[in-house]
Amino acid sequence: MSGYVGILVSDPWLQNQFTQVELRSLKTHFMSMRRESGKLTVGDLASRMSRLKVVGENLSEQERADFIADLYPDLNDEVDFEFFLKVYLKLHAHASARTGSPAKNSSAFLKAATTTLLHTISESEKASYVAHINNYLAQDGFLNKYLPINPSSNDLFEIVKDGVLLCKLINVAVPGTIDERAINTKRVLNPWERNENHTLCLNSAKAIGCTVVNIGTQDFIEGRRHLVLGLISQIIKIQLLADLNLKKTPQLVELVDDSKDVEELMSLPPEKILLRWMNFQLRKSSYKKIVTNFSSDVKDAEAYAYLLNVLAPEHSNPSTLAVKDPLQRAKLVLEHADRMGCKRYLTAKDIVDGSPNLNLAFVAHIFQHRNGLSTQTKQISFLETLPDDAQVSREERVFRFWINSLGNSTYIDNVFEDLRNGWILLETLDKMSPGIVNWKVANKPPIKLPFKKVENCNQVVKIGKQLKFSLVNIAGNDIVQGNKKLILAYLWQLMRYNILQLLKNLRFHSHGKEITDVDILRWANTKVSNCGNQSRMDSFKDKSLSDGIFFLELLSAVQPRSVNWSLVTKGVTDEQKKMNGTYIISIARKLGCSIFLLPEDITEVNQKMILTLTASIMYWFLKQPVEEKPSATSDSENGSQLETISNSTIDDSASESSVE
């Protein structure tokens, strides 16, 4: 992998304009364009580039043609990949100038939501994140030889190159995400083992809600600082905001007046809840303004002074509000926080500079240390009247993280609220089946008129029917109204369609054969039995799967070195089953499977998640080059086996995937 970017692009300047993942994606677009007519000329670019974001959306075909003709008069010249990249960058800069958005060095068809740092880094943020890592990972047995990291050096970017630190940091943010038995922790790792750790890290980061659409394992190996810090920033933010929900902190119900408001509060993203909490506490003081962000609204440090006086009056200093200089006030605020024993990694300058990431982290630390909410509130009784459907909550989480992993234009915090205008669903459908959305009749956010949202959602339902989803009694208005059951039913079928299409495109594109659930079931059973194992999966709801042994044997069949059998339990007790489930998920992610299920989905045999797990393992295996496949079964044998299955008369009873 280390030479991959260089193989794609020999020009060093071009290598620096794109990440590894961006280059791969652009290469895919380029090859697709060239396949349409056997070659690609300068004159073809204006029409063929319509499918690229920014370039395609903000310039008409005629505008693209005129711009290209001015630069390259000979339209019959054949285009190679490097020439294509140069034209793309120039068109992108032209389109960005037209729309007033900042031109970026690298492609914006891949959303750069992974980082607010772009291609420069903030030394203050780096120092803050290093301090956080030093604090939370100080006792780690493997990392203690590298810690503490010097915040003024670039040691952080060297230490992350083996992947261990980032995996451990993910487990600090969301404990139990990665089974640490799956992390390669030898003192000296070979390139393969390092790559496995980075793959495990990226797939696990996606599974806790990070956006990593433009980061590849090569970026860690090369120590691309803005991408490394961008991911660390997201992981730390998830950790710091983990308690900002009613499940972890039921006292937050004090912020609202009735049960209707409680439901609204539950749908808010954690940073909005943090702002609401801050303003709730500030109303107890004489501070009259409303804080709407963690940047310009807190730069003068006044809001902080009032907030800390409300929460910890015993540590207040009268001169904090008396001083006129914001920097001096910020210093006094931080002294107040120190006297409270509150963790903080920002400086007074970071406050007055309005650093949004560091100010959000500061307020989150204050909330964690002393939230000032009552533990004896009558309003908590509201929570008892609200439905507590753990399964709905788990499925919502899976679909939310999956959609966010696709790199859509907007990050969603709640599928029941954020999909109601239909736009993100249309974007997702277009990714699953390019060209299927009629964008001419789609309404782009912000959408104020309700009927415009219904129009979008009607198209969502219409396309679902085109794709043969089971959509009995589902109308566009059900999505607009936030009908949880119907939205989950639609999203499950969309996710299932996606993985089946990936498999179809991988092996059967030339034959046009569809892959079914039964194909996946039989493939998995064949792989396991070919290795001499007795385990078998009768369906995706087979209760014997709860011990995890079948999936461990399947993973071992597709990659013999992946499972350390000395770490596997017998899967008899609930605890043993959960240990196996956690190990399975981490091994699959380490191989390269992008999966979003929890160990409970395996131990409870959630048939939908069992199907996605099996299909993801199958997709990973079939994607491997023939010479790299660890199995004795040849590629052609796999192909003929699946063709036989696909030609047979079967139904989809294995997963009961239709939802009515």
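Above this note sits the structure.
All of these numbers come straight from a predicted model, not from anything done at the bench.

Definitions and limits used
- Residues numbered from 1 in each chain as written.
- Predicted model: local features only at pLDDT ≥ 70, side-chain atom pairs only at ≥ 80, totals over all residues.
- Heavy atoms only, no water.
- Axes fitted to C-alpha atoms, helices over the stretch in contact; angles between N-to-C directions.
- Helix = DSSP H or I, 4+ residues; strand = E, 2+ residues; numbered from the N terminus.
- Parallel < 35°, antiparallel > 145°, perpendicular 65-115°, else oblique.
- Left-handed = near helix turned anticlockwise from the far one by under 90°.
- Contact = heavy atoms within 4.5 Å.
- Nonpolar A, V, L, I, M, F, W, Y, C, P; charged D, E, K, R; others polar.
- Buried < 20%, exposed > 50% of the residue type's maximum accessible area, 1.4 Å probe, protein only.
- Core = buried A, V, L, I, M, F, W, Y, C linked by side-chain atoms within 4.5 Å.
- Domains from an automatic or database assignment.
- Salt bridge = Lys/Arg side-chain N within 4 Å of Asp/Glu carboxyl O.
- Phe/Tyr/Trp six-rings, centres within 6.5 Å; stacked < 30°, edge-to-face > 60°.
- Expected span 1.5 Å × (residues − 1).

What is the right way to read the packing of helix H29 (residues 549-558) against helix H30 (residues 574-591) from this model?
The relative placement of two packed helices is expressed as an angle between their axes plus a distance between the axes. Running from N to C, H29 and H30 cross one another at 25 degrees; their axes reach a closest spacing of 9 Å. The orientation of H29 relative to H30 falls into the category roughly parallel. Here H29 and H30 pass one another in a crossing that is left-handed. Between H29 and H30, the contacting residues are Ile549, Phe551, Leu552, Leu555 and Val558 on the first element and Asn580, Tyr583, Ile584, Ile587, Ala588 and Leu591 on the second. Residues of the contact of H29 with H30, tallied by class, amount to ten nonpolar, one polar and no charged.

Can you walk me through helix H16 (residues 302-311) in this structure?
For an α-helix the count is 3.6 residues per turn, leaving residues at separations of three or four pointing the same way. Within H16, seven of the ten residues are buried, which leaves the element mostly enclosed by the surrounding structure. Where H16 is buried, its residues contact helix H15 (270-282), helix H17 (319-322), helix H18 (326-340), helix H19 (348-352) and helix H20 (356-369).

Would you mind going over the nonpolar core with me for this structure?
Among the nonpolar cores identified, the biggest contains 86 residues, and Leu231, Leu274, Trp277 and Met278 are the most heavily contacted of them. A domain split of this core shows at least three residues from each of domain 2 (123-241) and domain 3 (250-369). Judged by nonpolar contacts, the second largest core, of 83 residues, contains Phe469, Leu491, Ile520 and Leu555.

Explain the pattern of salt bridges here, please?
Oppositely charged side chains can pair when the atoms bearing their charge come close. For the structure shown, the criterion picks out 22 salt bridges. With a shortest N-O distance of 3.0 Å, Lys168 and Asp140 are connected by a salt bridge. Pair noted here: Lys168 is in helix H10 (residues 164-173) and Asp140 is in the loop between helix H8 (123-136) and helix H9 (155-159), with a separation of 28 residues, a long-range link. Taken as a pair, Lys168 and Asp140 share a single burial class, namely buried. Two residues, Glu417 and Arg420, come together in a salt bridge whose shortest N-O distance is 3.2 Å.

What is the right way to look at the packing of aromatic side chains in this model?
Two numbers describe a pair of aromatic rings. These are the distance of the centres and the angle of the planes. Under the definition given, this model contains twelve aromatic pairs. When the centroid spacing of 5.4 Å and the interplanar angle of 75 degrees are considered together, the rings of Phe469 and Tyr490 count as edge-to-face. Of the two residues, Phe469 sits in the loop between helix H25 (450-466) and helix H26 (476-480) while Tyr490 sits in helix H27 (residues 484-507), which places them 21 residues apart along the sequence. Looking at Phe469, the relative accessible area reads 8%, which means it is buried.

Please explain H18 as it appears in this structure.
Between its first and last C-alpha, H18 extends 21 Å over 15 residues, near the 21 Å set by a 1.5 Å rise per residue. Those residues of H18 lying buried are Arg329, Ala330, Leu332, Val333, Leu334, His336, Ala337 and Met340. Packing partners of the buried residues in H18 comprise H16, H17, H19 and H20. Two residues or fewer past H18, Gly341 is found with a positive phi of approximately 80 degrees.

Please clarify how unusual backbone geometry should be interpreted in this entry.
Where the residue is not glycine, phi is negative for most of them; where a peptide bond is considered, it is trans in most cases. Put simply, Leu147 and Pro148 share a cis peptide bond, and its omega is 0 degrees. Mapped onto the fold, Pro148 is located in the loop between H8 and H9. With an omega dihedral of 0 degrees, the bond running from Pro445 to Pro446 counts as a cis peptide bond. Mapped onto the fold, Pro446 is located in the loop between helix H24 (423-432) and H25. In the Ramachandran plot, Ala301 falls in the positive-phi region, its phi being about 70 degrees despite a non-glycine side chain. Locating Ala301 in the fold gives a position in the loop between H15 and H16. Judged by its relative accessible area of 0%, Ala301 falls in the buried class.

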